[in-house]
Amino acid sequence: MMGAVWSLLGILSGAFIAIQAPINSQLARGLGLPVAAAAFSFLSGAVVLGIIAFAVVKLQGVSLDWKAPAPWLFVAGGMLGGFYVTLSTILTPRIGAAALMAFLVAGQLLAGMLIDRAGFLGVAVREISLGRVAGAVLLLAGALLIRLF
């Protein structure tokens, strides 16, 4: 049962990404600068998540171990997310939300396969099989078809 719940939450998260792209593109049009739209997107998200994190820490009585993670981990995810949001904001009005989502999923799959193969940051190692390569090729072909037609 929980497997189905996690899968549905994954689908919901993907839908949020699809909805976020045109929202940020509209904000960029209004502001006149895609990077500014991305910055405000991250600022508002950081404020909301900061409030939630503060509440969870207080409610659960836990404390954050600021010394445990490697220092680069504090900025790496945010920097990658910043590039993602900025590029999505720029690309959505140019190629459309469906094509952007297709290319995003294809990029995520390809990167995920490499991450799995290398065991990057402790991810379980999984070989790149013929089936995985075939799936990636089909996904890329699908993304191209969505973009072209």
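Residues numbered from 1 in each chain as written. Predicted model: local features only at pLDDT ≥ 70, side-chain atom pairs only at ≥ 80, totals over all residues. Heavy atoms only, no water.

Draft legend 1. Fine view of the overall build of the protein chain. Helix and strand counts for the protein chain stand at 5 helices and 0 strands. Secondary structure of the protein chain in N-to-C order comes out as α-α-α-α-α. Judged by the C-alpha coordinates and their principal axes, the protein chain covers about 50 × 45 × 35 Å. Put simply, the protein chain has 149 residues, and 18% of those count as buried. A separation of at least 24 residues holds for 59% of the contacts in the protein chain among residues at least 6 apart in sequence. Counting every atom, the protein chain has about 10500 Å² of accessible surface; 77% of that belongs to carbon and sulfur. (Helix = DSSP H or I, 4+ residues; strand = E, 2+ residues; numbered from the N terminus. Buried < 20%, exposed > 50% of the residue type's maximum accessible area, 1.4 Å probe, protein only. Contact = heavy atoms within 4.5 Å. Areas by Shrake-Rupley, 256 points an atom, 1.4 Å probe, with all protein chains shown as cover.)

Draft legend 2. Layout of the UniProt feature "transmembrane region" (unreviewed entry) in the protein chain. Annotation from UniProt places "transmembrane region" (unreviewed entry) at residues 36–57, 69–91, 97–116 and 128–148. Within the segment residues 128–148, helix and strand shares are 90% and 0% respectively, and the terminal C-alpha atoms sit 28 Å apart. (UniProt positions renumbered as here; feature names shortened; annotations may be inferred.)

Draft legend 3. Broad picture of unusual backbone geometry. Even without being a glycine, L121 presents a positive backbone phi close to 55°. Tracing the backbone shows L121 in the loop between α4 (97–118) and α5 (130–148). The class for L121 is exposed, based on a relative accessible area of 58%.

Draft legend 4. Geometry of the environment of A37. Summarising the element assignment, A37 is placed in helix α2 (residues 34–60). A residue is classified by how much of its surface remains accessible, and A37, at 0% relative accessible area, is buried. When the C-alpha atoms of A37 and T86 are compared, they prove to be 7.7 Å apart, with 49 residues separating the residues in sequence. Beyond its immediate stretch of four places on either side in the chain, A37 contacts N24, L27, A28, L31 and T89.

Draft legend 5. The arrangement of the packing of aromatic side chains in detail. Inspection of every chain in the model, using the stated rule, returns 1 aromatic pair. Here the aromatic rings of W66 and F74 are separated by 6.0 Å at their centres, their planes lie at 15°, and the arrangement is stacked. F74 sits in the partly exposed class, given a relative accessible area of 43%. (Phe/Tyr/Trp six-rings, centres within 6.5 Å; stacked < 30°, edge-to-face > 60°.)

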